[in-house]
Amino acid sequence: MNRTARAFWLNSPGEGELREVTLPEPAEGDVVVRSLYSGVSRGTETLVFRGGVPESQYAAMRAPFQEGEFPAPVKYGYLSVGTVEEGPASLVGRTVFCLYPHQTRYVVPASAVTVVPDTVPAERAVLAGTVETAVNALWDAAPLVGDRIAVVGGGMVGCSVAALLARFPGVRLQLVDADPGRAEVAEALGIAFAAPEDALGDCDLVVHASATEQGLARALELLRPEGTVLELSWYGDRRIGLPLGEAFHSRRLVVRSSQVGTVSPARSGSRTYADRLALSLDLLADPALDALITGESAFEELPDVLPKLASGQIPALCHRVRYADTP
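Quick caveat: nothing in here was measured; it's all calculated off a predicted structure.

It is not clear to me how the nonpolar core should be interpreted in this structure. Could you clarify?
Within soluble globular proteins, side chains that are nonpolar generally end up buried alongside one another. Residues Phe-97, Leu-127 and Val-161 are the most contacted members of the largest nonpolar core, which totals 71 residues. Here the element with the most residues in this core is helix 3 (residues 128–141); it accounts for eight residues. Look past the residues within four positions of Leu-127 in its chain and what remains in contact with it is Met-156, Leu-284, Leu-289, Leu-292, Ile-293 and Cys-318. In terms of nonpolar packing, the next biggest core, distinct from the first, is built from 16 residues, Val-176, Ala-194, Leu-220 and Phe-248 among them.

What should I look at first to understand the packing of helix 1 (residues 42–50) against helix 9 (residues 302–311) in this one?
The packing of two helices is summarised by the inter-axis angle and the distance between the axes. The contact between helix 1 and helix 9 brings their axes to 9 Å, and the two run at 105°. In this view, helix 1 runs roughly perpendicular relative to helix 9, as classed from their interaxial angle. Mapping the contact onto sequence places Arg-42, Thr-46, Phe-49 and Arg-50 in helix 1 and Leu-306, Pro-307, Leu-309 and Ala-310 in helix 9. Its residues assigned to classes, the contact of helix 1 with helix 9 shows five nonpolar, one polar and two charged.

What exactly am I supposed to notice about the sheet that holds strand 10 (residues 148–152) here?
Through backbone hydrogen bonds, the strands of a sheet pair up, either in parallel or in antiparallel fashion. Read from one edge of the open sheet, six strands run 12-11-10-13-14-15, paired in parallel fashion. What marks the edges here is a single partner per strand, and that holds for strand 12 (192–194) and strand 15 (254–257). Between one strand axis and the next, the sheet turns through 25° on average, direction left out of account.

What am I meant to see in the pairing of strand 14 (residues 223–231) here?
When strand 13 (residues 203–208) meets strand 14, the two strands line up parallel, connected through five bridges. The residue bridging Cys-203 from the neighbouring strand is Leu-223, located in strand 14. Assessed by its sense of winding, the connection that carries the chain from strand 13 through helix 6 (residues 213–221) to strand 14 is right-handed. As defined by bridge partners, strand 14 adjoins strand 15 across four bridges and the pair is classed as parallel. For Glu-231, the partnering residue across the bridge sits in strand 15 and is Ser-257.

Criteria and cut-off values
Residues numbered from 1 in each chain as written. Predicted model: local features only at pLDDT ≥ 70, side-chain atom pairs only at ≥ 80, totals over all residues. Heavy atoms only, no water. Core = buried A, V, L, I, M, F, W, Y, C linked by side-chain atoms within 4.5 Å. Buried < 20%, exposed > 50% of the residue type's maximum accessible area, 1.4 Å probe, protein only. Helix = DSSP H or I, 4+ residues; strand = E, 2+ residues; numbered from the N terminus. Contact = heavy atoms within 4.5 Å. Axes fitted to C-alpha atoms, helices over the stretch in contact; angles between N-to-C directions. Parallel < 35°, antiparallel > 145°, perpendicular 65-115°, else oblique. Nonpolar A, V, L, I, M, F, W, Y, C, P; charged D, E, K, R; others polar. Pairing = 2+ DSSP bridges. Right-handed = clockwise from strand over helix to strand, strands pointing away.

Function-wise, these values are silent; they only describe arrangement.
Spelled out as structure tokens, the structure:
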């Protein structure tokens, strides 16, 4: 078995390269995974690529199989789908999802991979990590049947949350974004779209995922009295202003955070991280979610593609990476 692989490393902020790596000998209970696809989550990964992770958040932002340290050199990523080549008989030949960086092959404990259901194509399974974020957000938000809801920010996370909310019965739902191009994605997901100035107010719940100060301010404006903004944006090393004057107190508005790295026991009951990921993969049986994948390139192109994703030259929700030996 070939024990070498290639991996994408960030050498310094804004500059990456492909490196040859030698895989460790798999121990008992390990699996060897050959990558089929990986995904670039534009928000988090481009923040890392630019070197924008605050020093105070180095530990919180660390990916499960990250190598190196922020700001660089670092091997980062967490949306990998591949085929198990070696390992327990029950897993050999199966398509699996793993929170692993961009690398052609890798060795991890069998407990670190989740089998992709037969109803979900490998190409779509790269969305599992982001749909998992959306699942956790909705466990935190606890929306009710018939709620009036807006999702402000039509990026990868916002669109994933909106796609799941669209399944709730009786809700009035809008995806709100300043980019009119997001209307096409909303239509593919079966969701109403509005520009910020045209969004419907009197919302019971607003999920904010635009990572902008203006988006958060608009989210607060869209609430009914005693309504809640669930804040999903992560601002890295940026400081933002929060409008807490005027009618914020008299309207008794609420701003809550949702944290993807932990499962809130108060909201999720006895469900674990593994339960959350398995549920996310099951939800990916819906082909409408293909609308969240807005581009694809070969693994060999990553050093040229990531700067363009970071600058916005390539507009993307999830950008899919294809590996050379994909069948």
